[in-house]
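Chain residues, written in single-letter form:
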Amino acid sequence: MHALVVIDVQNDFCPGGALAVDRGDEIVQPINALMAEVDAVVLTQDWHPAGHSSFASSHQGKTPFELIEMPYGPQVLWPDHCIQGSPGANFHPDLEVDRADMIIRKGFRAAIDSYSAFFENDHQTPTGLEGYLRTRGIDRLTMVGLATDFCVNFSAVDAAKLGFQVTVLQDLCRAIDLEGSLQTALDGMRQAGVTLA
Ligand code: VGL
Ligand code: ZN
């Protein structure tokens, strides 16, 4: 069984959003078209409480895109984004959300970020997605969405480590690309056994 996993296609990651990914909106229509070709559609939604610890605004004297050390490891600080219930946290208005079997929210604990759809940034706390996919008999994942070098990357690597057969469609992803993070992410995904198509 084959699932399409659509990562964080939300207003804040699209042009005009709080953490806009260049040309992030271009991928919406082709993602919709792919939904008809799979056995299951899963959407993820970045879903932070106000004052989340991944926001630069929560740390005195820090500015967005700085790196800090958190108890669970290094963490990039972001502009406030995807605040629960805000317009920026909504899916892009053209994304065919009604076709989703499952919507998984992540990043809702104030003290820890969650890039991956499978584990929070401690690489230990599960989101529950693995159990959902396995109990549905899904073994193959096609991943698309935003951003290639953060949430798509972490999700794809975790999925491959968990034993899923994972393909990332690069044309249906867009990257933030902070200081070479896109190249690092592509290398890491390949190394983890993710197919980059
Ligand atoms: C993401 C940074 C912060 C993403 C989410 O979806 O790639 N990036 N939160
Ligand atoms: Zn986030």
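The chain goes by Nicotinamidase in an unreviewed UniProt entry, where it is assigned to Antarctobacter heliothermus. Here is the UniProt Pathway (unreviewed entry) comment for the chain, exactly as written: "Cofactor biosynthesis; nicotinate biosynthesis; nicotinate from nicotinamide: step 1/1."

A. Representation of the site of ligand 1 within the structure. Close to ligand 1 lie Asp 8, Phe 13, Leu 19, Asp 46, Trp 78, His 81, Leu 146, Ala 147, Phe 150 and Cys 151. Between Leu 146 and ligand 1, the recorded distance is 3.2 Å, taken from a backbone N or O atom to an oxygen atom. In this structure, Ala 147 approaches ligand 1 through a main-chain N or O atom, which is 3.0 Å from an oxygen atom. With the chains in place, 100% of the 260 Å² that ligand 1 exposes on its own is no longer accessible. Along the lines of polarity and charge, the residues of the shell around ligand 1 split into seven nonpolar, one polar and two charged.

B. Quick look at the environment of Cys 82. Structurally, the position occupied by Cys 82 is in the loop between strand E4 (73–76) and strand E5 (102–106). C-alpha of Cys 82 to C-alpha of Val 41: the two residues are 41 residues apart in sequence and 21 Å apart in space. Non-local contacts of Cys 82, meaning those with residues more than four positions away in its chain, are made with Gln 10, Asp 12, Phe 13, Asp 46, Trp 47, His 48, Gly 88 and Ala 89.

C. Region of the structure containing the UniProt feature "domain: Isochorismatase-like" (unreviewed entry) in the chain. Following the UniProt record, the feature "domain: Isochorismatase-like" (unreviewed entry) maps to residues 3–196 here. Within residues 3–196, the helical portion is 20% and the strand portion 23%, while the C-alpha atoms at the span's ends are 16 Å from each other.

D. Main features of the coordination of the zinc ion (ligand 2). Here the zinc ion (ligand 2) is held by Asp 46 (OD), His 48 (NE2) and His 81 (NE2), and the distances to it run 2.0 to 2.2 Å. Of note is the zinc ion (ligand 2), whose four donor atoms meet at the metal with angles of 89 to 169° in an arrangement that counts as irregular.

E. Fine view of the pairing of strand E3 (residues 67–70). Burial of the side chains of E3 is restricted to one face: Ile 68 and Met 70 are buried, whereas none of Leu 67 and Glu 69 on the reverse face is. As paired strands, E3 and E4 are joined by four bridges and run antiparallel to one another. Across the sheet, the residue bridging to Leu 67 is Val 76, located in E4. Hairpin connection between E3 and E4: a loop of two residues separates the two successive antiparallel strands.

F. Broad picture of the packing of aromatic side chains. By the definition in use, this model includes six aromatic pairs. Relative to Trp 78, the ring of Phe 65 lies with its centre 5.9 Å away and its plane at 90°, an arrangement referred to as edge-to-face. Pair noted here: Phe 65 is in the loop between strand E2 (40–46) and E3 and Trp 78 is in the loop between E4 and E5, with a separation of 13 residues, a long-range link. For Trp 78, a relative accessible area of 2% gives the class buried. Seen in terms of ring centroids, Tyr 115 and Phe 154 are 5.0 Å apart; in terms of plane orientation they differ by 70°. Their pairing is edge-to-face. Here Tyr 115, found in the loop between E5 and helix H2 (129–135), pairs with Phe 154, found in helix H3 (residues 148–161); they are 39 residues apart in sequence, far enough to count as distant. By relative accessible area, which is 7% here, Tyr 115 ends up buried. Each residue in the set Phe 65, Trp 78, Tyr 115, Phe 150 and Phe 154 is aromatic and connected to the rest through ring pairs, giving one cluster. Here the guanidinium or amino end of Arg 105 rests over the ring plane of Trp 47, the centre of that ring lying 3.7 Å away.

The rules behind each value
Residues numbered from 1 in each chain as written. Chains lettered and ligands numbered in written order. Predicted model: local features only at pLDDT ≥ 70, side-chain atom pairs only at ≥ 80, totals over all residues. Heavy atoms only, no water. UniProt positions renumbered as here; feature names shortened; annotations may be inferred. Near = heavy atom within 4 Å. Polar contact = N/O pair within 3.5 Å; in protein donor to acceptor, adjacent residues only side chain to side chain. Areas by Shrake-Rupley, 256 points an atom, 1.4 Å probe, with all protein chains shown as cover. Nonpolar A, V, L, I, M, F, W, Y, C, P; charged D, E, K, R; others polar. Helix = DSSP H or I, 4+ residues; strand = E, 2+ residues; numbered from the N terminus. Contact = heavy atoms within 4.5 Å. Donors = N, O, S within 2.8 Å, 3.2 Å for Na, K, Ca; no water. Tetrahedral: all angles 85-135°; square planar, octahedral: opposite > 155°, others 65-115°. Buried < 20%, exposed > 50% of the residue type's maximum accessible area, 1.4 Å probe, protein only. Pairing = 2+ DSSP bridges. Phe/Tyr/Trp six-rings, centres within 6.5 Å; stacked < 30°, edge-to-face > 60°. Lys NZ or Arg CZ within 6 Å of the ring centre and 35° of its normal.

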